[in-house]
Amino acid sequence: MIIVMKQGASKEELGEVKKRIRELGYKPHVIHGETRDVVGAVGDERGKTVLHSLESMPGVENVVPILKPYKLASREVKPEPSVVEITSEIAIGGGELLVMAGPCSVESEEQIIETARAVKAAGARILRGGAFKPRTSPYSFQGMEEEGLKLLALARQETGLPIITEVVNPRDVELVARYADIMQVGARNVQNFALLKMLGQLEKPVLLKRGMATTIQEFLMSAEYILSEGNRRVILCERGIRTFETATRNTLDISAVPVLKEQTHLPVVIDPSHATGHASLVPSMCYAAVAAGADGLIVEVHPCPEKASSDGPQSLRPADFAAVMQKVRLFAEVAGKRL
Ligand code: PEP
Ligand code: MN
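Overview of the structure. All residue numbers here refer to positions counted from 1 along the written sequence of the relevant chain. Chains and ligands are labelled sequentially in the order written, the chains with letters from A and the ligands with numbers from 1. At least 70 in pLDDT is required for a residue's local features to be given in this predicted model, at least 80 for side-chain atom pairs to be given and counted, and no such filter applies to totals for whole chains, interfaces and linings, which use all residues. Heavy atoms throughout the structure, all of them, feed into the side-chain values; hydrogens and water do not.

### Focus on the site of ligand 1
Inference 1: For ligand 1, the full set of nearby residues is Cys104, Arg128, Lys133, Glu166, Gln184, Gly186, Ala187, Arg188, Lys209, Arg239, His274 and Glu300.
Inference 2: Note that an oxygen atom of ligand 1 is positioned 2.9 Å from one of the side-chain N or O atoms of Lys133.
Inference 3: Protein burial of ligand 1: of its 290 Å² of free accessible surface, 97% is covered by the chains.
Inference 4: Each residue belonging to the shell around ligand 1 can be placed in one class, and the counts come to two nonpolar, three polar and seven charged. Any residue with a heavy atom lying within 4 Å of a molecule or strand is counted as near it. Polar contact criterion, stated in full: a pair of N or O atoms within 3.5 Å, where within protein one must be able to donate a hydrogen and the other to accept it, and residues adjacent in sequence count only if both atoms are side-chain atoms. Working definition of accessibility: Shrake-Rupley area with a 1.4 Å probe, residue cover restricted to the visible protein chains. Side-chain classes are defined by residue name, with Ala, Val, Leu, Ile, Met, Phe, Trp, Tyr, Cys and Pro counting as nonpolar, Asp, Glu, Lys and Arg as charged, and the others, Gly among them, as polar.

### A word on the coordination of the manganese ion (ligand 2)
Inference 1: The donor definition counts N, O and S atoms within 2.8 Å of each metal and applies 3.2 Å to Na, K and Ca; water is not among these atoms, so some sites may look incomplete. Binding of the manganese ion (ligand 2) to the protein goes through Cys104 (SG), His274 (NE2), Glu300 (OE) and Asp311 (OD), at separations of 2.0 to 2.4 Å.
Inference 2: Summarised as a motif, the one-chain spacing of the donors to the manganese ion (ligand 2) is C-x169-H-x25-E-x10-D. Note that His274 is positioned in helix 8 (residues 272-276) and Glu300 in strand 14 (residues 296-300), a separation of 26 residues in sequence. We note that His274, like Glu300, is buried. Think of it this way: any DSSP run of H or I at least four residues long counts as a helix, any run of E at least two long counts as a strand, and we number them from the N terminus. The buried label applies to any residue whose accessible area, calculated with a 1.4 Å probe on protein chains only, is under 20% of its type's maximum; exposed applies above 50%, and partly exposed to all values in between.

### Observations regarding the pattern of salt bridges
Proximity of charged atoms lets side chains of opposite charge pair with each other.
Inference 1: One speaks of a salt bridge when a side-chain nitrogen belonging to Lys or Arg is within 4 Å of a carboxyl oxygen belonging to Asp or Glu. For the coordinates displayed, the defined rule picks out 17 salt bridges.
Inference 2: Notably, a salt bridge pairs Arg125 with Glu96, separated by 2.5 Å at the nearest N-O pair. Placement of Arg125 in the loop between helix 2 (109-122) and strand 8 (126-128) and of Glu96 in the loop between strand 6 (91-92) and strand 7 (98-102) is noted, with a sequence separation of 29 residues between them.
Inference 3: A salt bridge links Lys261 to Asp295, with the shortest nitrogen-to-oxygen separation between them at 2.5 Å. One end of the pair, Lys261, is in helix 7 (residues 256-263); the other, Asp295, is in the loop between helix 9 (282-292) and strand 14, with 34 residues separating them in the sequence.
Inference 4: Since its relative accessible area comes to 23%, Lys261 is described here as partly exposed.

### Description of the nonpolar core
Inference 1: Among buried residues, those of type Ala, Val, Leu, Ile, Met, Phe, Trp, Tyr and Cys that are joined through side-chain atoms within 4.5 Å constitute a nonpolar core. Leu127, Met183, Leu208, Leu236, Leu297 and Phe321 are the most contacted members of the largest nonpolar core, which has 70 residues in total.
Inference 2: Ranked by residues supplied to this core, first place goes to helix 6 (residues 216-228) with six residues.
Inference 3: Listed in part, the 15 residues of the second largest apolar core include Val30, Leu51, Leu54 and Val63.

### A look at the pairing of strand 10 (residues 182-185)
Inference 1: The alternating pattern of strand 10 places Ile182 and Gln184 on one face and Met183 and Val185 on the opposite face, and all of these are buried.
Inference 2: By convention, a crossover is right-handed whenever its connection, traced from the first strand over the helix to the second and viewed with the strands pointing away, goes clockwise. In the classification by handedness, the crossover that spans strand 9 (residues 163-166), the intervening helix 4 (residues 173-179) and the parallel strand 10 is right-handed.
Inference 3: One ladder, built from three bridges, connects strand 10 with strand 11 (residues 206-209); its direction is parallel. Across the sheet, residue Gln184 finds its bridge partner in strand 11, namely Leu207.
Inference 4: Following the chain from strand 10 across helix 5 (residues 193-200) to the adjacent parallel strand 11, one finds a crossover that is right-handed. By this definition, two strands are paired if DSSP reports at least two bridges between them.

### A word on the packing of helix 6 against helix 7
Inference 1: In this analysis an axis means a line fitted to C-alpha atoms, helices contributing only their contacting stretch, and an angle means the value between N-to-C directions, from 0 to 180 degrees. It is the contact of helix 6 with helix 7, at a shortest axis distance of 11 Å, that shows an interaxial angle of 55°. Classed by the angle they form, the pair helix 6 and helix 7 counts as oblique. Here the hand of the crossing between helix 6 and helix 7 comes out right-handed. Here Ile216, Phe219 and Leu220 of helix 6 come into contact with helix 7, specifically with Ala256, Val259, Leu260 and Gln263.
Inference 2: Per-class residue counts for the contact of helix 6 with helix 7 are six nonpolar, one polar and no charged. Should an angle fall under 35 degrees it is called roughly parallel, over 145 degrees roughly antiparallel, and 65 to 115 degrees roughly perpendicular, with every other angle called oblique. Each helix crossing is assigned a hand: it is left-handed if the near helix lies turned anticlockwise from the far helix by less than a right angle, otherwise right-handed if that turn is clockwise. Only heavy atoms enter the contact rule, under which two residues are in contact if any of them lie within 4.5 Å.

### Let's talk about unusual backbone geometry
Inference 1: Positive phi values are uncommon outside glycine, yet Glu145 reaches one of about 55°.
Inference 2: Take Glu145: it is sitting in the loop between strand 8 and helix 3 (146-159).
Inference 3: Positive phi, close to 55°, is recorded for Asp311, a residue that is not glycine.
Inference 4: Tracing the sequence through the fold places Asp311 in the loop between strand 14 and helix 10 (318-334).

### Concerning the packing of aromatic side chains
Inference 1: Aromatic pairs are defined between Phe, Tyr and Trp rings, using the six-membered ring for Trp, whenever the two ring centres lie within 6.5 Å; interplanar angles under 30 degrees are classed as stacked, those over 60 as edge-to-face, and all others as tilted. Throughout the structure, instances matching the rule amount to two aromatic pairs.
Inference 2: On the basis of an interplanar angle of 20° and a centroid distance of 4.4 Å, the ring pair of Phe193 and Tyr225 is categorised as stacked. Here Phe193, found in helix 5, pairs with Tyr225, found in helix 6; they are 32 residues apart in sequence, far enough to count as distant.
Inference 3: We classify Phe193 as partly exposed; its relative accessible area is 32%.
Inference 4: The interplanar angle of 10° and the centroid separation of 5.0 Å between the aromatic rings of Tyr287 and Phe331 together place this pair among those described as stacked. Taken together, the residues Tyr287 in helix 9 and Phe331 in helix 10 connect sequence positions 44 residues apart.
Inference 5: The buried category is assigned to Tyr287, whose relative accessible area is 12%.

Written out as structure tokens, the structure reads:
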């Protein structure tokens, strides 16, 4: 249910509404809007009609059901877009197009520092790099783990770029959170609800990737797991879904961007690297993403893709990435975003 407060309702009235929601066995989530506050009361769907009684409380305008199965992620609860702060200077979901770039995996100090410098010079604001890798084969490189996290921290120190890195396992959440500025949930973990709940208890942004066989509704329900635990800093990432097509590694669902924009206030990012699987296809998908209204991109870049431990074929060389960024800047301008 959404409890819409009256314009100018007092803090005390809001406090009383929250208290009553808790007494009825629901969790209140306050969303401060431009003109008025609304309170999302979430919990057991079956008895929610008891919440209608809140309509007679002082400061309450009306009580309306949230029609979507996801609540806090929905535009019904929060019509204006969410701007997710990464640091005091960097945010996503507002007027800026945020580009995250770096290798699939952290491999060595030299590799991550060189890449970090190159992507920064090209205009990326966030460094990506996997230290824990979810690989299809148990015999493939699994990542440098904490050693990789330390190298990412070193690259951040050297360049000032905040870092995004994946957490694969609930037992590593605390460790990864000690290093990461953004916690990445990979496509294979989109419905790892234990992991999502843990991330919901952090005060750190989470980039949630869509699974390769996840509908948009399921994707938003996964985001809801994080939001409902209290963490509002969720960024969605479309990275291609599985279809019958084999020319690309996955099929980039570009229409997911406008669909998500209609359904949710959360920022949306496109990953053209995992979507296509081929470096030659990455540039055009970057431009398409920006044209479709994405708030950001996450792109794999490697100083020497032929030697990469993972995802070399889809990784751009630094010079190619720099050229793509020049053109992305133009598309961003047309889309009304700054790079
Ligand atoms: C990655 O970002 O390197 C990765 C493994 O992505 P995905 O979870 O989208 O496959
Ligand atoms: Mn990868």
